[in-house]
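Fold and contact review
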Amino acid sequence: MQIDLNGKRILITGAAGFIGAHLAIRLLNETEGAEIIGLDSMNDYYDPSLKEHRLDLINEAVKSSKSAFKFIKGNIADKSLIDEVFTLYKPGVVVNLAAQAGVRYSIDHPEAYIEANIIGFFNILEACRHSYDNSDAGVEHLVYASSSSVYGGNKKIPFSTDDKVDNPVSLYAATKKSNELLAHAYSKLYNIPSTGLRFFTVYGPAGRPDMFAFSATNRLAEGKDITIFNYGNMKRDFTYVDDIVEGVIRVMCGAPDRQNGEDGLPIPPYAVYNIGGGHPENLMDFINTLQEELVRAGVLPQDYDFEAHRKFAPMQPGDVPVTYADPTALEEKFGFKPKIEIREGLRKFAEWYKEYYKK
Ligand SMILES: NC(=O)c1ccc[n+]([C@@H]2O[C@H](COP(=O)([O-])OP(=O)(O)OC[C@H]3O[C@@H](n4cnc5c(N)ncnc54)[C@H](O)[C@@H]3O)[C@@H](O)[C@H]2O)c1
């Protein structure tokens, strides 16, 4: 089913997060008459001032937008708040990006993942289910973030959504796979059109400081060493944030169709896609390009001794050596193909970093 986002009420959870904020800005720039409700707990998993900065960027975009934005500070694990938000705003499209992210953090902080990713996501599903009460039109499409980490140590590449993904190697991955399972059951039982997106290592301006490009930049800028795991023998399907947002918006506009099976019951209007570049980079190439771009942007001096700041280490628990998206399904259905090459993306990141930390 095609959905016109103009004039639509759109709920984005995790709106002050990396992907959520870029999505909100793009929607503000490109829609008319839409009302975007951004919800975020502003938790301190990483520096909340970065989340404030993203909200500032959103508020800047509001000034020239033909759509509106409203921010709600709150936790998706708070059932009464979520019910209230759905009752009050009746969103037609919901994009659930709020989650406890990060593979490594899940090893020492499992509760955060159960709270946000399991209880929080369950509350979103329940609210979608009840959005149809009293014959209301309710939620036309629920789009939610899954992750490439569901593929675990999958040996078969590229990773396809047809692959069996029952062997997660981190609690984070287990919660993301659980989201897909819960969404399937709710789509079947309550006819909720839902699409899960397995994101592959997103990077770009105002990104996440716990992810490699940003954390390595922080350490190099402070004159510290960077640790390169699995002795650099890693490949990642890095995806630039603008490409991700383009893909998310296309998907938001195309909900899986509601139809009944021979038994008269709904065939679940359910889909899951990979959303990634489809050509993984060697980690060492990524690091070399990052370093060149940091020098070019003036974050690091021309004569920076990179070799002296590289420490090699073995593989870490929960980590995987390769991520490699098979992007054909998204390409065929939505004509989506990431465009931004690593150098261009890292250049934009380095320039943003220079500007942001100048303050
Ligand atoms: N960035 C990536 O490479 C990547 C890869 C795979 C999956 N994902 C998924 O995409 C989504 C967005 O990721 P991101 O990179 O923007 O992460 P992010 O941490 O920057 O954004 C998530 C936002 O959600 C908020 N949040 C966390 N728990 C919450 C809760 N219980 N209630 C309300 N708000 C809460 C956080 O404050 C944060 O602002 C997440 O679900 C993440 O798991 C991201």
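Reading the values: the criteria
- Residues numbered from 1 in each chain as written.
- Predicted model: local features only at pLDDT ≥ 70, side-chain atom pairs only at ≥ 80, totals over all residues.
- Helix = DSSP H or I, 4+ residues; strand = E, 2+ residues; numbered from the N terminus.
- Rg over C-alpha atoms; globule rule 2.2 N^0.38 Å.
- Buried ≥ 20, exposed ≤ 12 C-beta atoms within 10 Å, placed from the backbone.
- Contact = placed C-beta atoms within 7 Å.
- Pairing = 2+ DSSP bridges.
- Axes fitted to C-alpha atoms, helices over the stretch in contact; angles between N-to-C directions.
- Parallel < 35°, antiparallel > 145°, perpendicular 65-115°, else oblique.
- Nonpolar A, V, L, I, M, F, W, Y, C, P; charged D, E, K, R; others polar.
- Expected span 1.5 Å × (residues − 1).
- Left-handed = near helix turned anticlockwise from the far one by under 90°.
- Near = placed C-beta within 6 Å.

**As for the overall build of the protein chain**
Per the secondary structure count, the protein chain includes 11 helices and 15 strands. Computed over its C-alpha atoms, the radius of gyration of the protein chain comes to 20 Å, within 12% of the 21 Å expected for a compact globule of 359 residues. In terms of overall dimensions, the protein chain has C-alpha extents of about 65 × 45 × 40 Å along its principal axes. Out of the 359 residues belonging to the protein chain, those deemed buried represent 47%. Counted over contacts in the protein chain with a minimum sequence separation of 6, partners at least 24 positions apart contribute 82%.

**Observations regarding the sheet that holds strand β4 (residues 93-96)**
With respect to topology, seven strands assemble into an open sheet ordered β3-β2-β1-β4-β5-β6-β13, the strand pairing being parallel. Since the sheet does not close on itself, it has two edges, and those belong to β3 (66-73) and β13 (270-275), each with one partner. Neighbour-to-neighbour, the strand axes of this sheet turn through a mean angle of 20°, independent of strand direction. Here β4 runs beside strand β5 (residues 141-147); their pairing, made up of four bridges, is parallel. Paired with Val94 across the strands is Leu142, a residue of β5.

**What about the packing of helix α1 (residues 18-30) against helix α2 (residues 48-63)?**
In the contact formed by α1 and α2, the axes pass within 9 Å of each other and the chain directions differ by 5°. Classed by the angle they form, the pair α1 and α2 counts as roughly parallel. Where α1 abuts α2, its residues Ala21, Ala24, Ile25, Leu28 and Asn29 lie against Arg54, Leu57, Ile58, Ala61 and Val62. Here the residues of the contact of α1 with α2 sort into eight nonpolar, one polar and one charged.

**Observations concerning the environment of Ile119**
By secondary structure assignment, the location of Ile119 is in helix α5 (residues 110-130). Sequence separation between Ile119 and Lys164 is 45 residues; the distance between their C-alpha atoms is 25 Å. Those residues in contact with Ile119 that sit more than four places away from it in its chain are Ala77 and Ile114.

**So, α2**
Taking 1.5 Å per residue, 16 residues should reach 22 Å; α2 reaches 23 Å between its end C-alpha atoms and fits that length. Contacts from the buried residues of α2 go to α1, β2 (32-40) and β3.

**Here we look at the environment of Pro317**
Its location among the elements puts Pro317 in the loop between β15 (310-312) and α10 (328-334). Classification of Pro317 as exposed rests on a count of 9 C-beta atoms within 10 Å. Separated by 148 residues in the primary sequence, Pro317 and Val169 place their C-alpha atoms 8.0 Å from one another.

**Concerning the packing of α1 against helix α8 (residues 241-252)**
Between α1 and α8, the shortest axis-to-axis distance is 9 Å and the interhelical angle comes to 65°. Classified by the angle between their axes, α1 and α8 sit roughly perpendicular to one another. Here the hand of the crossing between α1 and α8 comes out right-handed. When α1 is examined against α8, the residues Phe18, Ile19, His22, Leu23 and Arg26 are found in contact with a partner set consisting of Val241, Ile244, Val245, Val248 and Ile249. Of the residues contributing to the contact of α1 with α8, the split by class is eight nonpolar, one polar and one charged.

**Some remarks on the site of the ligand**
Around the ligand, a shell composed of 28 residues is seen, among which Gly14, Gly17, Ala98, Ala99 and Ala145 lie nearest. Looking at the shell around the ligand, the element that brings in the most residues is α1, giving three residues. Its residues placed into classes, the shell around the ligand shows 14 nonpolar, 11 polar and three charged.

**So, unusual backbone geometry**
The linkage connecting Ile157 with the following residue, Pro158, adopts the cis geometry, with an omega of -10°. With respect to the element layout, Pro158 can be found in the loop between β5 and α6 (171-190). If you check the backbone angles, Lys90 has positive phi at about 45° while not being a glycine. Among the structural elements, Lys90 can be located in the loop between α3 (79-89) and β4. The class of Lys90 is partly exposed, set by 14 C-beta atoms lying within 10 Å. Of note in this structure, Thr201 is not a glycine but carries a positive phi near 20°. With respect to the helices and strands, Thr201 occurs in the loop between β6 (194-199) and β7 (202-203). Looking at Thr201, the number of C-beta atoms within 10 Å reads 21, which means it is buried.

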